[in-house]
Amino acid sequence: MKKLLLIDGSSYLYRAFHALPDLRNKENQPTGVIYGVLNMLKKIHEDYPVDYSLCIFDAKGKTFRNDIYPDYKANRPSMPDDLARQIEPLHDAIQNMGWPMLSIPGVEADDVIGTLCKKAKLENIQTIISTGDKDMAQLVNSDCFIINTMTNEKLDIDGVKNKFGVLPEQIIDYLTLMGDKVDNVPGVEKVGPKTALKLLEEFGSLENIISNADAVKGSVGENLRAAISWLPTGKKLITIKDDVEIPDPITSFIKKDANKDKLLQIYEKYNFYTWIKKDFENQNQNEKVIKEQEQAAKFNNKKNYTTILTLSNLEEWIHDIQNKKIFAIDTETDSLNFIDARLIGISLCTSPGSACYIPLQHLNAEQQLNLEQVLNLIKPILEDPNIKKIGQNIKYDMHIFKNYGIQLNGIQHDTMLLSYVHDSTESHGMNKLAEKYLEHPCISYEDVVGKGTKQITFDLVDIEAATEYAAEDADVTFQLFQTLYPKINSNEKLKYIYENIEIPTLISLFEIERNGVLIDSSKLHDQSLKLGNKIIEIEKEAFKIAEQPFNLSSPKQLQEILFSKLGIKPLKKTPTGAASTSEDVLEELALNYPLPKIILEHRSLSKLKNTYTDKLPRMINSKTNRVHTSYNQAVAITGRLASSDPNLQNIPIRNEEGRRVREAFIAPKNYQIVSCDYSQIELRIMAHLSCDEGLISAFKNNLDIHQSTAAKIFNLTTDDVTKEQRRYAKVINFGLIYGMSTYGLSQALNIDRESAKNFIEDYFIKYPAVKNFMDETKLLAKEQGFIETVFGRKLWLREINSTNGIRRAAAERAAINAPMQGTAADLIKLSMNKIQEWLTTNKLQSKIIMQVHDELVLEVPENELSEIQKNIPRIMCGITELKIPLVADLGFGLNWEVAH
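Not measured: the values here are computed from a predicted model.

**Digging into the overall build of the protein chain**
Here is step 1: When its secondary structure is counted, the protein chain shows 37 helices and 20 strands.
Here is step 2: Counting only C-alpha atoms, the protein chain reaches 105 × 75 × 60 Å along its principal axes.
Here is step 3: Expressed as a percentage of the 900 residues in the protein chain, the buried residues total 53%.
Here is step 4: A fraction of 68% describes how many contacts in the protein chain between residues 6 or more apart in sequence connect residues 24 or more apart.
Here is step 5: Surface accessibility of the protein chain: about 40,800 Å² in total, with carbon and sulfur atoms responsible for 48%.
Here is step 6: When the 107 basic and 122 acidic side-chain charges of the protein chain are each reduced to a single mean position, those positions are 2 Å apart.

Here you go:
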């Protein structure tokens with residue numbers, strides 16, 4: 001039996017538009033729909049080899065249904081401009097791929113498909129319909145079934161019955177009773193799937209229901225009788241035509257050879273480089289494109305390095321910099337602590353191979369310039385915003401110069417950030433970058449200062465060796481800039497991320513780090529004593545259960561107690577084959593055994609004590625009396641910031657002891673701590689990306705999203721939702737955007753897997769666009785190897801096509817979550833930068849002192865509090881326009897815990 005594949009192109013169009021990121025080519029033209037539809041067409045043809053195939057699109061203009069009912073589809077907004085712009089090039093691409101395509105004026109794609117389905121059955125041809133449209137279920141018969149490539153769902157006769165509860169021949173009546181809100185076709189008021197099914201089970205058909213309308217009791221009967229005059233019209237609108245005049249026979253719908261020359265032009269125009277590699281790997285044009293994208297530069301190794309020992313020589317370099325208006329700079333110091341570090345020397349580079357080192361405070365130098373003289377001479381070019389500076393982690397150099405009263409202005413490029421924006425999964429250290437992009441092995445820091453106990457500080461390094469090392473750093477930085485910046489500059493999205501987000505973030509973080517945080521050390525000392533006493537009590541409890549003392553922090557001793565003495569069955573093994581005592585293992589065991597729960601509490605409190613209550617007071621800087629963290633921009637793959645020395649972003653807040661630590665972050669006298677954070681930001685981004693009507697409606701109407709979700713999946717009114725049901729919904733809402741599996745949800749809610757599976761299925765029935773977004777995002781990630789944030793940050797997923805199932809599954813989960821987390825990271829950076837600019841412009845005394853994921857923390861004079869309360873949420877909520885409103889919650893108080 002021959003096979004015919006009918007593809008609902010119009011369904012594909014909107015799925016691609018709503019589900020895929022806003023892909024664009026170098027000319028900033030939208031490409032997501034073109035890419036998404038072509039990708040789905042490629043996949044469906046690979047998965048379903050057939051004799052004949054046809055892609056059907058809706059024609060422009062009204063159809064016969066508008067003549068029957070002028071308000072048909074009247075509620076639909078006009079086609080978005082970004083979608084409309086892609087239809088003509090998409091059709092062009094489909095034709096050049098050789099795939100038959102058809103649209104017929106006056107009818108919809110559904111009607112063309114319905115007619116061909118009927119003709120195919122008469123000609124003994126099996127039909128496969130590819131669509132996501134539920135109306136098509138009426139076409140299913142013994143020789144026709146539907147497949148949904150987004151959900152891998154197959155609907156044959158049994159599949160329709162299992163999904164809808166009715167047979168294919170009852171689908172028209174079923175849909176007529178409910179109506180179709182999307183197409184503005186009324187049904188019987190308040191009749192949903194369950195009521196429609198019940199009526200059809202009782203009476204068999206719409207005609208019998210109408211005939212027996214007086215026998216239907218209650219409000220359903222009243223609404224039915226009120227709709228009787230309309231229902232025949234509604235049925236006409238919902239019924240797919242099967243008598244459209246088709247100009248060509250089914251046997252003509254055969255794939256032709258692709259027009260490869262035109263197809264390559266299309267791929268190049270719309271930046272489909274993955275397909276160029278795959279489909280044109282033997283063509284010279286492809287080699288040219290790939291070389292332009294990937295070619296690495298070579299290091300200019302002439303190494304004309306100078307040690308600056310005279311003022312006249314220094315003035316020559318300054319004059320050269322003033323002429324060229326751009327140079328690379330690096331500092332050498334005696335400490336990584338940016339507040340305490342002393343400036344030992346400065347290196348400069350104005351062109352590849354031409355660099356110098358200015359020794360300033362080497363202890364054993366026979367000759368070097370006076371520090372104060374050098375800084376006075378060099379200060380004007382360092383503070384000149386019109387002379388552009390290039391650095392590798394230049395924020396550190398800004399701090400060093402600030403220690404000497406110099407504000408480093410004109411920050412143009414940071415090679416660490418160039419690398420990070422280009423590919424956040426790679427290492428961004430200068431030595432690694434030099435090896436990768438310049439094929440040059442750098443002199444390492446250890447080569448100059450030694451290792452271990454014999455390591456010296458840089459002020460003891462010989463000046464000749466210091467020059468070779470430091471000048472090379474500046475030289476390599478300059479050459480890395482020349483290599484990396486063109487890669488960013490050629491991509492408008494990455495250029496936006498780099499120039500409008502990351503470089504301004506660097507400047508903001510410099511100010512935040514410099515501001516520091518005021519800590520109440522006595523409060524932390526009291527907390528440490530209490531934690532110590534509680535830890536001792538926990539240990540006693542553990543010893544009692546184990547019937548012996550042991551080291552709760554020793555994995556080996558814990559293994560012996562849990563799995564040997566107590567006889568608990570191990571759940572996992574370490575790489576060495578030992579029974580694992582990792583946190584996730586203990587959490588699962590804690591559901592059934594008391595000791596693992598006690599161990600987890602011991603670990604949590606010990607970490608809190610060792611990392612924060614004991615350590616933070618020792619980290620108060622003696623010069624500023626504040627704690628100064630370092631924010632690392634180039635660590636997290638998704639664009640989030642990381643905090644270190646100390647890490648202020650991981651203070652636990654789920655337990656009372658963790659929240660008490662925040663009480664020690666205090667405001668000075670006559671000041672308040674202000675906290676402002678985005679509310680449910682990742683769920684809001686999911687609503688924006690998925691375009692799910694349910695999520696968008698909930699956020700636009702300012703509903704409690706977890707209560708709203710609970711109402712949907714438990715089929716309740718929002719007022720009837722219990723606290724426990726809301727908790728379930730919250731876990732599901734946040735879990736699914738992190739790619740949580742059925743097993744993961746069952747563990748999180750302590751329920752069986754079948755129940756967890758049902759919750760997830762119900763969730764996706766109520767929020768179908770979320771499911772589509774997830775499926776299509778994974779598909780896109782597999783095809784191109786990366787996904788993007790709303791703002792265009794590229795997030796690579798190296799394991800997305802791995803043969804290792806665990807790694808591939810992890811990459812698939814990351815593909816779903818990374819657009820949300822990455823977009824949230826971009827939003828908070830944009831807000832932070834805008835707020836910092838606003839504070840500076842308005843000469844306010846208020847200052848940002850911390851950024852913690854989606855939260856900004858400020859130190860605010862009491863006389864500026866009202867202005868801050870009014871403007872910070874305004875700036876954060878207005879930073880960009882999404883399909884749903886952004887919400888920022890602000891609080892204030894004398895410490896961080898009260899403010900948050």
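**Remarks on a nonpolar patch on the surface**
Here is step 1: Residues L363, I456 and L460 make up a contiguous nonpolar surface patch of roughly 240 Å² in combined accessible area.
Here is step 2: Topologically, L363 is positioned in the loop between β10 (354-359) and α16 (371-383).

**Details of the pairing of strand β15 (residues 671-678)**
Here is step 1: Where burial is concerned, most of β15 is hidden: six out of the eight residues are buried.
Here is step 2: The pairing of β15 with strand β20 (residues 888-893) spans six bridges and is antiparallel. Across the sheet, the residue bridging to Y678 is A888, located in β20.

**Re the confidence of the model for the protein chain**
Low-pLDDT portions of the prediction should not be read for the details of their coordinates.
Here is step 1: Residues of the protein chain with pLDDT of at least 70 account for 97%, and the chain-wide mean is 90.
Here is step 2: Note on residues 284-296: pLDDT is under 50 here. Beyond four places in sequence and across chains, it has 19 contacts.

**Structural notes on unusual backbone geometry**
Here is step 1: Along the chain, D645 connects to P646 via a cis peptide bond; the corresponding omega equals 0°.
Here is step 2: Tracing the sequence through the fold places P646 in the loop between β14 (642-644) and α27 (656-663).
Here is step 3: You will see that N670, though not glycine, has its phi angle at about 65°, which is positive.
Here is step 4: Mapped onto the elements, N670 comes out in the loop between α27 and β15.

**Description of the packing of aromatic side chains**
Here is step 1: The final tally for this structure, using the stated rule, is 21 aromatic pairs.
Here is step 2: Summarising the aromatic geometry, the rings of Y485 and Y498 are spaced 6.4 Å apart at their centres and angled 50° between planes, so their arrangement reads as tilted. Of this pair, Y485 sits in helix α21 (residues 463-489) while Y498 sits in helix α22 (residues 492-515), and the two are 13 residues apart along the sequence. In this pair, the class of Y485 matches that of Y498, namely buried.
Here is step 3: On the numbers, 5.2 Å between centres and 65° between planes, the contact of F665 with W896 is edge-to-face. Taken together, the residues span a long stretch of sequence, with F665 in the loop between α27 and β15 and W896 in helix α37 (residues 896-899) at a distance of 231 residues.
Here is step 4: For F665, a relative accessible area of 2% puts it in the buried group.
Here is step 5: Linked through ring pairs, Y35, Y267, Y270, F272 and W275 together constitute an aromatic cluster.
Here is step 6: Geometry around W275 places K42 over its ring, the cationic atom sitting 4.7 Å from the centre.

**Details of the environment of Y52**
Here is step 1: Looking at where Y52 falls in the secondary structure, it is placed in strand β2 (residues 52-56).
Here is step 2: For Y52, a relative accessible area of 9% corresponds to the buried category.
Here is step 3: Distance from Y52 to K3, taken between C-alpha atoms, is 6.4 Å for residues 49 residues apart in sequence.
Here is step 4: In this view, Y52 contacts K2, K3, L4, L5, I125, I250, T251, F253 and I254; residues no more than four positions away in its chain are not counted.

**Considering the sheet that holds strand β11 (residues 388-391)**
Strand pairing in a sheet relies on backbone hydrogen bonds. The paired strands run either parallel or antiparallel.
Here is step 1: Taken together, the six strands give an open sheet; going across it, the order is β7-β10-β9-β8-β11-β12, and neighbouring strands pair in mixed fashion. Taken across any chain shown, the strands that pair with only one partner, and hence form the sheet edges, are β7 (304-307) and β12 (411-414). Strand-to-strand, the axes of this sheet are offset by a mean angle of 25°, without reference to chain direction.
Here is step 2: Pairing analysis gives six bridges linking strand β8 (residues 326-333) to strand β9 (residues 343-351), with the strands arranged antiparallel. Among the inter-strand pairings, E332 is bridged to a residue of β9, identified as G345.
Here is step 3: Across the sheet, helix α15 (residues 311-324) touches β7, β8, β9 and β10, and the angle it forms with β9 is around 50°.
Here is step 4: Along the sheet, α21 contacts β7, β8, β9, β10, β11 and β12; its crossing angle with β9, the most-contacted strand, is approximately 45°.

**Quick look at the nonpolar core**
Here is step 1: By size, the foremost hydrophobic cluster in this structure holds 169 residues, and its most contacted members are I346, L348, I358, F665, M850 and M876.
Here is step 2: It is helix α35 (residues 805-841) that contributes the most residues to this core, ten residues altogether.
Here is step 3: Apart from residues lying up to four places away in sequence, L348 is in contact with W317, I321, F327, A328, I329, S354, A355, C356, I358, I378 and A474.
Here is step 4: Listed in part, the 57 residues of the second largest apolar core include I113, V140, V166 and M178.

**Structural notes on the side chain of S444**
Here is step 1: Here S444 lies in the loop between α19 (430-438) and α20 (445-449).
Here is step 2: A polar atom in the side chain of S444 sits 3.0 Å from the side chain of D447.
Here is step 3: Residue contacts for S444: discarding those within four places in its chain leaves N431 and Y469.

**Some thoughts on the packing of helix α4 (residues 81-97) against helix α12 (residues 260-269)**
Between two packed helices, the angle of one axis relative to the other and the distance separating the axes together describe the packing.
Here is step 1: Running from N to C, α4 and α12 cross one another at 145°; their axes reach a closest spacing of 9 Å. Relative to α12, α4 is oriented so that their crossing is left-handed. For the pair α4 and α12, contact is made by D92, A93, N96 and M97 and by K262, L263, I266 and Y267, respectively.
Here is step 2: For the contact of α4 with α12, the residue count by class is five nonpolar, one polar and two charged.

**Comments concerning the state of the cysteines**
Throughout this description, disulfide means a covalent bond between two cysteine sulfur atoms.
Here is step 1: Per the counting criterion, the structure on display carries zero disulfides.
Here is step 2: C349 supplies the cysteine sulfur nearest to C356, a cysteine that is in no disulfide, at a spacing of 8.7 Å.
Here is step 3: Free of any disulfide, C676 has its nearest cysteine sulfur in C877, 7.2 Å distant.
Here is step 4: Residue class for C676 comes out buried when judged on its relative accessible area of 0%.

About the criteria used
Residues numbered from 1 in each chain as written. Predicted model: local features only at pLDDT ≥ 70, side-chain atom pairs only at ≥ 80, totals over all residues. Heavy atoms only, no water. Helix = DSSP H or I, 4+ residues; strand = E, 2+ residues; numbered from the N terminus. Buried < 20%, exposed > 50% of the residue type's maximum accessible area, 1.4 Å probe, protein only. Contact = heavy atoms within 4.5 Å. Areas by Shrake-Rupley, 256 points an atom, 1.4 Å probe, with all protein chains shown as cover. Lys, Arg positive; Asp, Glu negative; His and termini not counted. Charge placed at Lys NZ, Arg CZ, Asp CG, Glu CD. Patch = residues over 30% accessible without salt bridge, like charges linked within 9 Å, V, L, I, M, F, W, Y side chains within 5 Å. Salt bridge = Lys/Arg side-chain N within 4 Å of Asp/Glu carboxyl O. Pairing = 2+ DSSP bridges. pLDDT = per-residue confidence, 0-100. Phe/Tyr/Trp six-rings, centres within 6.5 Å; stacked < 30°, edge-to-face > 60°. Lys NZ or Arg CZ within 6 Å of the ring centre and 35° of its normal. Axes fitted to C-alpha atoms, helices over the stretch in contact; angles between N-to-C directions. Core = buried A, V, L, I, M, F, W, Y, C linked by side-chain atoms within 4.5 Å. Polar contact = N/O pair within 3.5 Å; in protein donor to acceptor, adjacent residues only side chain to side chain. Left-handed = near helix turned anticlockwise from the far one by under 90°. Nonpolar A, V, L, I, M, F, W, Y, C, P; charged D, E, K, R; others polar. Disulfide = S-S within 2.5 Å.

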